[in-house]
Amino acid sequence: MRRLLMLLFIAQAVLGVKKYFIPNIAANWHKAQEFCISLGMTLVSVESLAEHEALVKFIKQSDKFSNATRFWLGGSDLAKEGTYTWVSSARFFTFQNWADGEPNNGNDTEHCIEMIHNIYVNRVWQWNDINCRTFEAYFICESVDSQCIQNF
Ligand SMILES: [Ca+2]
Ligand SMILES: [Ca+2]
């Protein structure tokens, strides 16, 4: 029984089954992460193509979906310029989906990652770095990865 539970747990981790939630509020990146934490969650990480596809599927089914929309992701290079990590796990980016010309660290002030879906400018579920404090957007919280926390 214990072994079966272990296998189920590993299967869930491998498949990247996460719960996503989009609060009905726009905020800057820092406040977005605070809000997710207050829910026992964290800003979303996208660490594989499978996670990317699962996230896009979730957003398409949400009431925040449109042909011109954008969301905070939980990635930043706040700790070290040019080195991107996920706030949920502190892991470096493995999967990436930058838009053309991004990340550009515009004005030397762009350190947080948003996902843009705007068919009018041909940015389809692609990433951009943008100012963490002045830009406000909807954001996606995900359930906390308990396996990851155990590792730390
Ligand atoms: Ca930057
Ligand atoms: Ca940028």
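A quick note: this is a predicted structure, and the numbers were derived from the prediction, not measured.

Trainee: Whenever I open this one, the overall build of the protein confuses me. Can you help?
Mentor: Counting secondary structure elements, the protein contains 4 helices and 8 strands. For the protein, the N- to C-terminal ordering of α and β elements is α-β-α-β-α-β-β-β-β-β-β-α. Put simply, the protein has 152 residues, and 26% of those count as buried. By sequence separation, contacts in the protein at least 24 residues apart represent 70% of the contacts at least 6 residues apart.

Trainee: Is there a simple way to think about the confidence of the model for the protein in this case?
Mentor: The predicted coordinates ought not to be read in detail in places where the model reports low pLDDT. When the pLDDT values of the protein are averaged, the result is 90; 84% of them are 70 or greater. Counting interchain partners and residues more than four positions distant, the pLDDT-below-50 stretch residues 7-15 has 2 contacts.

Trainee: Just to check I follow, could you spell out the sheet that holds strand β8 (residues 141-143) for this structure?
Mentor: Strands pair in a sheet through their backbones, by hydrogen bonds, and they do so in one of two ways: parallel or antiparallel. Sheet architecture is open: 3 strands sit in the order β1-β8-β2, paired in antiparallel fashion. Strands with a single pairing partner mark the edges of an open sheet, and in this sheet they are β1 (20-21) and β2 (41-43). Judged from the 2 bridges that link them, β1 and β8 form a sheet pairing that is antiparallel. By the bridge assignment for β8, F21 is matched with C141. The strands touched by helix α2 (residues 29-38) are β2 and β8; relative to β2, the strand with the most contacts, the crossing angle is about 160°.

Trainee: Sorry, what's going on with the environment of N128 here?
Mentor: As for its position among the elements, N128 is in strand β6 (residues 123-130). Spatially, the C-alpha atoms of N128 and A99 are 6.3 Å apart, while their sequence positions differ by 29 residues. Excluding residues within four positions of it along the chain, N128 makes contact with A99, E102, E114 and I116.

Trainee: Explain the nonpolar core here, please?
Mentor: The tendency in soluble globular proteins is for nonpolar side chains to be buried as a group. In terms of nonpolar packing, the biggest core is built from 24 residues, with L43, V44, W72, L73, F139 and C141 touching the most fellow members. Looking at this core, the elements with two or more residues in it are α2, β2, α3 (49-60), β3 (68-80), β5 (112-118) and β6. Apart from residues lying up to four places away in sequence, L73 is in contact with L43, V44, V46, I113, E114 and M115.

Trainee: What exactly am I supposed to notice about the pairing of β3 here?
Mentor: Remark: a regular strand shows side chains that alternate across the two faces of the sheet. In this sheet, β5 lies alongside β3 in antiparallel orientation, the contact comprising 6 bridges. Bridging across to β5, R70 finds its partner in I116. With 3 bridges joining them, β3 and strand β4 (residues 83-86) adopt antiparallel strand pairing. Counterpart to S76 in the pairing with β4 is T85.

Trainee: Looking at this structure, I do not really get the pairing of β5. What am I missing?
Mentor: Where β5 lies against β6, 7 bridges are found, and the strand directions are antiparallel. Along β6, the bridge assignment pairs M115 with W127. Counting the residues that bridge the hairpin from β5 to β6 gives 4 residues, and of these N122 lies at a positive phi of roughly 55°.

Parameters at a glance
- Residues numbered from 1 in each chain as written.
- Chains lettered and ligands numbered in written order.
- Predicted model: local features only at pLDDT ≥ 70, side-chain atom pairs only at ≥ 80, totals over all residues.
- Helix = DSSP H or I, 4+ residues; strand = E, 2+ residues; numbered from the N terminus.
- Buried ≥ 20, exposed ≤ 12 C-beta atoms within 10 Å, placed from the backbone.
- Contact = placed C-beta atoms within 7 Å.
- pLDDT = per-residue confidence, 0-100.
- Pairing = 2+ DSSP bridges.
- Axes fitted to C-alpha atoms, helices over the stretch in contact; angles between N-to-C directions.
- Core = buried A, V, L, I, M, F, W, Y, C linked by C-beta atoms within 7 Å.

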